[in-house]
Amino acid sequence: MATALIVLAAGLGTRMNSDLPKVLHRLAGVPLVIHALRAGSALEPDRTIVVTGHGAEAVTKAVHAWDDTAIIALQPEQKGTGHAVACALPALQGFTGRVIVLYGDTPFLTPETLEKLNASPADVTFLGFRAEDPKRYGRLIADGDELLRIVEWKDASPQERNITLCNSGVMACDADLLATLIPQLGTANAAGEYYLTDLVTLARKAGRTASVVTCEESETLGIDSRAGLAEAEAIFQARARAQAMEDGVTLIEPGTVHFAFDTVVGRDAILHQHVIFGPGVTVESGAEILPFCHIEGAHVSTGARIGPFARLRPGAEIGDDAHVGNFVEVKNTTLGTGAKANHLTYLGDAEVGEGTNIGAGTVTCNYDGVFKHRTVIGKRAFIGSDTMLVAPVRVGDDAMTATGTVVTSDVPDEALAIGRARQETKPGLAKRLMDRLRAEKAAGKKGNA
Ligand code: UD1
């Protein structure tokens, strides 16, 4: 059956105490709303609609960076979850099938749970969970799997508040039924809002079926404060570390390694202390990341050694057995098999051939203040320490640059480029100079400091 996804993401999240819309706060390197979209993508939806309100423009940008086919619906005023879905209805026109509603601030739903929800044969299905402390969640009044109604905490009697089966907010509904029932929602309740949860009563009145499927409470964790966000990050990291170790990765001090939502690390890779991954990283089997590295948007191949204190930025492509050492930054650069840049170097917008050695203090001068330019270095080249490569420039295979050279024009294969002031050596001058200065000091002369 065709599936459409509606992600509710209009709320500001007052308790976050932030100018940023709640769903743009980041968890594991990406906005919360991306976690919801990612979870929903397991259902391979035919249509995805995101309901925005606070910070709609910024939320739209983040959503489209992830999925440029997502349809944005606007809920200018937040009048409740039922109203939010009403705002999505025009974007649902012409769709028949199952609609799944998710919250943009609930990042931990698993594909298995969503598939279970999607497979429910009832016309309306809500995802519930047994809460240790049911707090102010809506309560599900159910008879076995059959859902009789949902009562919001604000409207619940003391007996109803004793119920521990809670509403996660996630639900599935037949599209035609949704379009029929949403306009029937009213606001005669304690919050004066349009409750999506009232669909259960309306559906049953219309002779349709309603049911509940359940999941673990940990999956339904919604973020509504900075403390909640930090707690969610800790949960994410703990799971990612455990998963990496189960996948055969060595984490020397797991608590100090931070993963992004999409980090991929191969078997027998070794991650030392304080390694931080941003989004878009793949580390292949047997690579070793030494302490204190920051890595994002990069690919590290088998046998490569990174760090300590290295920074790999987006577009860093580190070949098999290549080395990137301390205080080296690599951006939008390919380092060929066995190439080495071991000390104090910036490689940006560059291509470095296999077996090439980049000396300490080398800089690819890639930016002229307006445009970025490429540096291409061939195979088995030797770039002397403190070489400035003023891009665009090419250094050929088996070529060399002398220490301290400023390379402004191409260096052919097997050539040596040298461009530095010639040294003069004055025999005995150092001693004569020092003797004179010391004599002046002994005679009472003071410096200028
Ligand atoms: C809702 C449920 C409640 C459930 C709880 C789980 C209703 C009436 N109540 O509570 O049963 O236990 O979620 O967390 O559905 N949103 C909008 N526009 C709005 C209102 C909300 O986009 O006008 C979005 C929020 O940004 C958020 C989500 O919907 O992502 C849930 O809103 P929130 O206010 O947290 O939920 P409640 O209505 O309190």
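Here, every reference points to the structure presented above.
These remarks concern the structure in this document. Just so you know, the residues in each chain are numbered from 1, in the order the chain's sequence is written. Only residues with pLDDT of at least 70 get local features here, since the model is predicted, and only at 80 or more are side-chain atom pairs given and counted; chain-wide, interface and lining totals rely on the full set of residues. For side-chain calculations, the full set of non-hydrogen atoms in the structure is used, while hydrogens and water are omitted.

1. Here's the deal with the packing of aromatic side chains
Rule in force here: Under the pairing criterion, centres of Phe, Tyr and Trp rings, with the six-membered ring standing for Trp, must be within 6.5 Å; the plane angle then separates stacked pairs below 30 degrees from edge-to-face pairs above 60, leaving the rest tilted. Secondary structure is summarised from DSSP: a helix means a run of H or I of at least four residues, a strand means a run of E of at least two, and numbering begins at the N terminus for each. Residue exposure (1.4 Å probe, protein chains only): buried if accessible area is under 20% of the type maximum, exposed if over 50%, otherwise partly exposed.
Inspection of the entire model under this criterion finds five aromatic pairs. With a centroid separation of 5.6 Å and 20 degrees between ring planes, the pair formed by Phe259 and Phe277 is classed as stacked. Here Phe277 lies in strand β15 (residues 275–277) and Phe259 lies in the loop between β12 (250–251) and β13 (264–265), a separation of 18 residues in the sequence. Judged by its relative accessible area of 5%, Phe277 is buried. Note on Phe292 and Phe309: the rings are 5.0 Å apart at their centroids and 5 degrees apart in plane angle, and the pair reads as stacked. Taken together, the positions of Phe292 in the loop between β17 (288–289) and β18 (293–295) and Phe309 in the loop between β20 (305–306) and β21 (310–312) put the pair 17 residues apart, joining distant regions of the chain.

2. Quick look at the layout of surface pockets
Put simply, the test is: As defined here, a cavity is a set of points on a 1 Å grid over the protein atoms alone where a 1.4 Å probe fits but cannot get out. A pocket is an open set with protein on both sides within 12 Å along at least five of seven lines, and residues line them when an atom is within 4 Å of a point. Grid points are joined across faces, edges and corners, and a volume is the space filled by probe spheres set on the points. Each residue gets one label: Ala, Val, Leu, Ile, Met, Phe, Trp, Tyr, Cys and Pro are nonpolar, Asp, Glu, Lys and Arg are charged, and the others, such as Gly, are polar.
Estimated volume of the largest pocket: approximately 1,800 Å³. If you go around the largest pocket, you meet 49 residues; those closest to its centre are Lys22, Tyr103, Asp105, Tyr137 and Asp224. Counting residues per element, the ones that place at least two in the lining of the largest pocket are β1 (3–9), α3 (81–92), β10 (165–174) and α8 (226–246). Here the lining of the largest pocket gets five residues from one element, more than from any other, and that element is α8. Tallied by class, the residues present in the lining of the largest pocket amount to 17 nonpolar, 20 polar and 12 charged. For the second largest pocket, the lining is made up of 22 residues, of which Arg38, Phe236, Ala240, Gln243 and Phe261 are closest to its centre. For the lining of the second largest pocket, the secondary-structure elements that each account for two or more residues are α1 (32–41), α8 and β13. With five residues, the top contributor of residues to the lining of the second largest pocket is α8. Grouping the constituent residues of the lining of the second largest pocket by class yields 14 nonpolar, four polar and four charged.

3. As for the side chain of Ser301
We apply this condition: Two N or O atoms form a polar contact when they lie within 3.5 Å of each other; inside protein one atom must be a possible hydrogen donor and the other a possible acceptor, and for residues adjacent in sequence the pair counts only when both atoms belong to side chains. Pairs of residues are marked as contacts when any of their non-hydrogen atoms sit within 4.5 Å.
Within the secondary structure, Ser301 is located in the loop between β19 (299–300) and β20. Its relative accessible area of 6% is what places Ser301 among the buried residues. At a separation of 2.8 Å, a polar atom in the side chain of Ser301 contacts the main-chain carbonyl oxygen of Ile318. Ignoring anything within four residues of it in the chain, the contact list for Ser301 reads Glu284, Ala287, Ile318, Gly319 and Asp320.

4. Remarks on the site of the ligand
What counts, and what does not: Being near a molecule or strand, for a residue, means having at least one of its heavy atoms within 4 Å of it. To measure how exposed things are, a 1.4 Å probe is used in the Shrake-Rupley method; for residues, cover is taken only from the protein chains shown. To be counted as sitting in a cavity or pocket, a molecule needs more than half of its atoms within 2 Å of that site's grid points.
If you check the shell around the ligand, you find 19 residues, and the closest are Gln75, Gly80, Thr81, Glu152 and Asn167. In this structure, Lys79 approaches the ligand through a main-chain N or O atom, which is 3.3 Å from an oxygen atom. Separating an oxygen atom of the ligand from a backbone N or O atom of Gly138 is a distance of 2.9 Å. Against a free-state accessible area of 750 Å², the protein chains account for coverage of 80% of the ligand. Using a 2 Å cut-off from the grid points, one finds that the ligand occupies the largest pocket. Taken together, the elements giving at least two residues each to the shell around the ligand come down to β1, α3 and β10.

5. Quick word on helix α4 (residues 111–119)
Here is the rule we go by: Within this analysis, the arc is defined by the directions that extend from the helix axis to the C-beta atoms.
Residues of α4 that are buried: Thr113, Leu114, Leu117 and Asn118. Along α4, the residues classed as buried sweep out an arc of 135 degrees about the axis, all on the same side. In α4, the exposed positions angled more than 90 degrees off the buried face are occupied by Glu112 and Ala119. If you follow the buried residues of α4, they end up packed against β1, α1, β6 (98–103), β7 (124–130), β10 and β11 (210–214).

6. Side note on the pattern of salt bridges
Filter applied, for reference: What makes a salt bridge here is a side-chain nitrogen of Lys or Arg within 4 Å of a carboxyl oxygen of Asp or Glu, nothing more.
Summed over the entire model, instances satisfying the criterion amount to 15 salt bridges. Measuring nitrogen to oxygen at the nearest pair gives 3.8 Å for the salt bridge that ties Arg208 to Asp174. Pair noted here: Arg208 is in the loop between α7 (199–205) and β11 and Asp174 is in strand β10, with a separation of 34 residues, a long-range link. Accessibility expressed as a relative area gives 23% for Asp174, which makes it partly exposed. The shortest N-O distance in the salt bridge between Asp349 and Lys331 comes to 3.0 Å. Highlighted residues: Asp349 in strand β24 (residues 340–352) and Lys331 in strand β23 (residues 323–335), separated in sequence by 18 residues. In this structure, Asp349 and Lys331 share a single accessibility class: buried. A single salt-bridge network, built from bridges that share partners, covers Asp123, Asp174 and Arg208.

7. Brief notes about α8
Basically, it comes down to this: Multiply 1.5 Å by the residue count of a helix minus one, and that product is the helix's expected span.
Spanning 21 residues, α8 covers 30 Å between terminal C-alpha atoms, matching the ideal 30 Å at 1.5 Å per step. Taken as a whole, α8 has its buried residues at Gly228, Leu229, Ala232, Phe236, Gln237, Ala240, Arg241 and Ala244. In this structure, the buried residues of α8 make contact with β2 (26–27), α1 and β12. Looking one or two residues past α8, Gly248 carries a phi angle of roughly 90 degrees, positive in sign.

Just distances and angles here, no functional claims.
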